[in-house]
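Working through the structure, step by step
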Amino acid sequence: MNKKNILLLFANLFSLFWRLIPFKIREFLFTSLFIIESRGSNSKNSLKRIFRIKDKLEWIINERAIKYGNGIHPKHEVTTYHKFFLDRIYDGDTVLDVGCGNGTVAIDIALNKKNSSIIGVDINSNNIAAANKLKNLFNLRNIKFITNNIIDQEKISCDTVILSNILEHIDSRNIFLNNIIKRTSAKLFLIRVPLFERDWQVAFRKEIGSYYFSDPDHKIEHTLDEFKNEIKLSKLKIKEIFTIWGEIWASCENDK
């Protein structure tokens, strides 16, 4: 059992007693502790500690949000980001979803594009197992999921490649993108990445030397200019780009 699961088990047990204390008192105790933690003569170190606590709180919020969504993060619904992909995929296209996770996006495309063929690839076998459960639940015939690293995958001919919150996890992104271009010969790439310029606190955290990525596995969180330069290096052409929900959403064409 990993550290996070141990913490969750302890929290579930302790919460039975904790909730006996009225919420206003619990709120006062937490606020007081955070204020005390933020004190000290070195404001930079104080801020670093508070930002670490904030990161833990964000993790808790996401964990509860997924619980609320019965295993699916509510961001899929409230940000309507699936529509970004659906609106740009023709019914009949072959679509490759790289790093498909639990298959939520790929399943939605398969449901709405009945004449399309969808392929989801993810390196995590647990993700693929969850994706196949969803596939079987909807009895879909136009989708398949593969456990593999896309770089190790044999050539997959497709019209559209989806990279939804994937590039930020990759060190050699130019090599990664060019490999996918060669392996797929896809003409359209639909990409989402976190935006560095999403909030003043991100830049401030970087300035004071506090960890500022939204995920410990991220290798980069792009500025708009960084993203445009990386796409240009990959020889893709940006057809459409905008920022929303703290992310960059882009439709890119392969002119090769």
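Residues numbered from 1 in each chain as written. Predicted model: local features only at pLDDT ≥ 70, side-chain atom pairs only at ≥ 80, totals over all residues. Heavy atoms only, no water.

1. Let's talk about the packing of helix H2 (residues 23-38) against helix H3 (residues 43-68)
Angle between the axes and distance between the axes: these two values describe a pair of packed helices. Between H2 and H3, the least distance of the axes is 8 Å, while the angle of their chain directions is 145°. For the pair formed by H2 and H3, the contact residues are Phe 34, Glu 37 and Ser 38 on the first element and Ser 46, Arg 49, Ile 50 and Ile 53 on the second. (Axes fitted to C-alpha atoms, helices over the stretch in contact; angles between N-to-C directions. Helix = DSSP H or I, 4+ residues; strand = E, 2+ residues; numbered from the N terminus. Contact = heavy atoms within 4.5 Å.)

2. Topic: a positive patch on the surface
There is a patch of like positive charges on the surface, built from Lys 3, Lys 4, Arg 52 and Lys 56. Sorting the residues of the positive patch by element identifies helix H1 (3-18) and H3 as the ones contributing at least two each. Inspection of the secondary structure assignment puts Lys 56 in helix H3. For Lys 56, a relative accessible area of 53% puts it in the exposed group. (Patch = residues over 30% accessible without salt bridge, like charges linked within 9 Å, V, L, I, M, F, W, Y side chains within 5 Å. Areas by Shrake-Rupley, 256 points an atom, 1.4 Å probe, with all protein chains shown as cover. Salt bridge = Lys/Arg side-chain N within 4 Å of Asp/Glu carboxyl O. Lys, Arg positive; Asp, Glu negative; His and termini not counted. Charge placed at Lys NZ, Arg CZ, Asp CG, Glu CD. Buried < 20%, exposed > 50% of the residue type's maximum accessible area, 1.4 Å probe, protein only.)

3. Some words on the state of the cysteines
Overall, the coordinates contain zero disulfides when judged by the stated rule. With no disulfide of its own, Cys 100 has Cys 158 as its nearest cysteine by sulfur position, at a separation of 14 Å. Of all cysteine sulfurs, the one in Cys 158 lies closest to Cys 252, which takes part in no disulfide; the gap is 14 Å. Of the residues examined, Cys 252 reaches a relative accessible area of 0% and is grouped as buried. (Disulfide = S-S within 2.5 Å.)

4. A closer look at the sheet that holds strand S1 (residues 94-98)
The seven strands lie next to each other as S3-S2-S1-S4-S5-S7-S6, forming an open sheet whose pairing is mixed. The open sheet has two edge strands, strand S3 (143-147) and strand S6 (236-244), and neither has a second partner. The average undirected angle you get between the axes of adjacent strands in this sheet is 15°. Lying on the sheet, helix H10 (residues 224-233) is in contact with strand S5 (188-194), S6 and strand S7 (247-254); it crosses S6 at an angle near 160°. (Pairing = 2+ DSSP bridges.)

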